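# Chain and residue survey
One-letter residues, chain by chain:
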Amino acid sequence: MVASVARGVILVHSSPRALCPHVEWAAGRALGRAVNFAWEDQPVLKGAQRAEFYWEGYQGMGAALASALRGWEHLRFEVTEDPTPGSDGGRWLHTPDLGIFFAQTDTAGNVVVPEDRVRYAMEVAGTNAAELHRELRIALGQAWDDELEPFRHASDDSSVIWLHKVG
């Protein structure tokens, strides 16, 4: 039986400059080949770098890549794996404060919340709508999205001026 080829993206949202070669080495080791990322300045965090890298490998490679990258304290990243025949897609998010989050994804890249997780949220919330909302935000990884959003959009428009807190 031939395994399906999986594809995805590594989005390094912020990495200290000194860590960049180590990130490449870890990703390359997981992929089984040397890789070179095209690093750019991350305007949201002074001194940080950002990069996107499109990868191809076996099913489950997204998990291997996320595992290889998750050990560094100052690294913010996302790894995606597109669905293949017989395999769901996946999305791994990591921030220094929150750690790692995993979600299944559909063919359009939407997060899929399994039935058991929805039932758990309903059970925990009871009739409290605010608690149900909180539980569903947890299931969707909203805290990770909230933290990563400024880093995702920092390079979308070069006319954006980022204001940093002084003092």
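Residues numbered from 1 in each chain as written. Predicted model: local features only at pLDDT ≥ 70, side-chain atom pairs only at ≥ 80, totals over all residues. Heavy atoms only, no water.

Right, let's get into the packing of helix α3 (residues 115-125) against helix α4 (residues 129-140). Two numbers describe how α3 lies on α4: the axes approach to 8 Å, and their chain directions differ by 150°. Taken together, α3 and α4 sit at an angle that is classed as roughly antiparallel. Judged by the twist between their axes, the crossing of α3 over α4 is right-handed. Touching Arg117, Tyr120, Ala121, Met122, Val124 and Ala125 of α3 are Glu131, Leu132, Glu135, Leu136, Ile138 and Ala139, all from α4. Considered class by class, the residues forming the contact of α3 with α4 number nine nonpolar, no polar and three charged. (Axes fitted to C-alpha atoms, helices over the stretch in contact; angles between N-to-C directions. Helix = DSSP H or I, 4+ residues; strand = E, 2+ residues; numbered from the N terminus. Parallel < 35°, antiparallel > 145°, perpendicular 65-115°, else oblique. Left-handed = near helix turned anticlockwise from the far one by under 90°. Contact = heavy atoms within 4.5 Å. Nonpolar A, V, L, I, M, F, W, Y, C, P; charged D, E, K, R; others polar.)

Next up on the list: the nonpolar core. Of all hydrophobic cores here, the largest spans 22 residues; its most connected members are Ile10, Phe37, Trp55, Leu65, Leu69 and Val79. Listing elements by their share of this core, those giving two or more residues are β1 (5-16), α1 (20-31), β3 (48-58), α2 (61-69) and β4 (76-81). Considering each element in turn, this core owes the most residues, five residues, to α1. Each residue touching Leu69, except ones within four places of it in the same chain, is listed here: Ile10, Val23, Ala26, Ala27, Leu75, Phe77 and Val79. Of all hydrophobic cores here, the second largest spans five residues; its members include Phe101, Ala103, Trp144 and Leu148. (Core = buried A, V, L, I, M, F, W, Y, C linked by side-chain atoms within 4.5 Å. Buried < 20%, exposed > 50% of the residue type's maximum accessible area, 1.4 Å probe, protein only.)

A separate point is the packing of α1 against α2. Remark: α1 packs on α2, axes separated minimally by 9 Å, with the N-to-C direction vectors making an angle of 150°. Crossing handedness for the pair α1 and α2: right-handed. Of the residues in α2, those touching α1 at Val23, Ala26, Ala27, Ala30 and Leu31 are Met61, Ala64, Leu65, Ala68 and Leu69. For the contact of α1 with α2, the per-class residue count stands at ten nonpolar, no polar and no charged.

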